[in-house]
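# Structural features, examined
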Amino acid sequence: MRLINQYLIGGQRLRELGSDRHTDDCDWLVNSPDDDRLFIHAPDGDYINASAHPLYAEIWAEEIGNDEQVTVTGLLNMCVFAFVQHCENGFWDKADAKEYDIKFLARKFNARNFDIAKKYISSGAAIEVQKILDAVIGR
């Protein structure tokens, strides 16, 4: 795997932003076109390969901020996508953790835009995520 840039995402990035949810692992967004694996597990953490999935490719292209971090909107889109995947696969503890992350991003940063994730989840799932966001802002 040839890496030029890697960006901290997941629980550790959320902790940098002020989240109180504990996480032991480090997750990184990378772009490695010569590797077709989406998830790459390594001793120093887990890597999500943007070139292996269109959602992550869009986030890579559109949501890397000026400070060379994934933007809050990019993080929200990844959390929404992971939340839906965990729900669909019956990983309820992981889904609960992602819902907590979604609420944290909405409360602390007013993050609301999950337009990238909407392209990769069902309309019903998008409605459920919108309900979570609306509950945070009291709609």
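Just so it is clear, the structure is predicted and the values come from calculations on it, not from any experiment. (Residues numbered from 1 in each chain as written. Predicted model: local features only at pLDDT ≥ 70, side-chain atom pairs only at ≥ 80, totals over all residues. Heavy atoms only, no water.)

Per the secondary structure count, the protein includes 6 helices and 4 strands. In sequence order, the secondary structure elements of the protein are arranged as β-α-β-β-β-α-α-α-α-α. For the protein, whose C-alpha radius of gyration is 14 Å, the value lies close to the compact-globule estimate of 14 Å for 139 residues. Overall, the protein is about 45 × 30 × 30 Å in size when its C-alpha atoms are taken along their principal axes. For the protein, the residues scored as buried account for 45% of the 139 residues in total. By sequence separation, contacts in the protein at least 24 residues apart represent 52% of the contacts at least 6 residues apart. Accessible area of the protein: about 7,500 Å², with a carbon and sulfur share of 48%. Separation between the mean location of the 15 positive side-chain charges and that of the 23 negative ones in the protein comes to 6 Å. (Helix = DSSP H or I, 4+ residues; strand = E, 2+ residues; numbered from the N terminus. Rg over C-alpha atoms; globule rule 2.2 N^0.38 Å. Buried < 20%, exposed > 50% of the residue type's maximum accessible area, 1.4 Å probe, protein only. Contact = heavy atoms within 4.5 Å. Areas by Shrake-Rupley, 256 points an atom, 1.4 Å probe, with all protein chains shown as cover. Lys, Arg positive; Asp, Glu negative; His and termini not counted. Charge placed at Lys NZ, Arg CZ, Asp CG, Glu CD.)

Turning to the layout of surface pockets, a few remarks are in order. In this structure, the largest pocket spans a volume of roughly 790 Å³. Asp 27, Ile 48, Ala 82, His 86 and Lys 98 are the residues nearest the centre of the largest pocket, which is lined by 30 residues in total. Elements with a contribution of two residues or more to the lining of the largest pocket: helix H1 (10-16), strand S3 (39-42), strand S4 (45-49), helix H3 (72-88) and helix H4 (92-109). Considering only residue class, the lining of the largest pocket consists of 14 nonpolar, 9 polar and 7 charged. (1 Å grid on protein atoms, 1.4 Å probe; cavity = no way out; pocket = protein on both sides within 12 Å on 5 of 7 lines; lining within 4 Å. Points joined across faces, edges and corners; volume = space filled by probe spheres on them. Nonpolar A, V, L, I, M, F, W, Y, C, P; charged D, E, K, R; others polar.)

For the rest of this paragraph, the subject is the confidence of the model for the protein. Overall, the prediction assigns the protein a mean pLDDT of 91, with 96% of residues at 70 or greater. The secondary structure element of the protein with the lowest average pLDDT is S3, at 88, and the one with the highest is helix H5 (residues 115-118), at 98. (pLDDT = per-residue confidence, 0-100.)

As a further point, take the sheet that holds S4. Two pairing modes exist for strands in a sheet, parallel and antiparallel, and in both the strands are linked by backbone hydrogen bonds. As summarised here, the arrangement of the 4 strands in space is S1-S2-S4-S3, forming an open sheet in which the pairing is mixed. This sheet does not close on itself; its edge strands, each paired only once, are strand S1 (6-9) and S3. Averaged over all adjacent pairs, the angle separating strand axes in this sheet is 30°, with direction ignored. Across 4 bridges, the pairing between strand S2 (residues 27-30) and S4 is parallel. Within S4, the position partnered with Trp 28 by the bridge is Tyr 47. Strands in contact with helix H2 (residues 54-62) are S1, S2 and S4; relative to S2, the strand with the most contacts, it is inclined by about 80°. (Pairing = 2+ DSSP bridges. Axes fitted to C-alpha atoms, helices over the stretch in contact; angles between N-to-C directions.)

Turning our attention to the side chain of Arg 13. Within the secondary structure, Arg 13 sits in helix H1. Judged by relative accessible area, Arg 13 falls into the buried class, the value being 10%. Ignoring any residue separated from it by four or fewer positions in sequence, one finds Arg 13 in contact with Leu 8, Gln 69, Val 70 and Leu 75.

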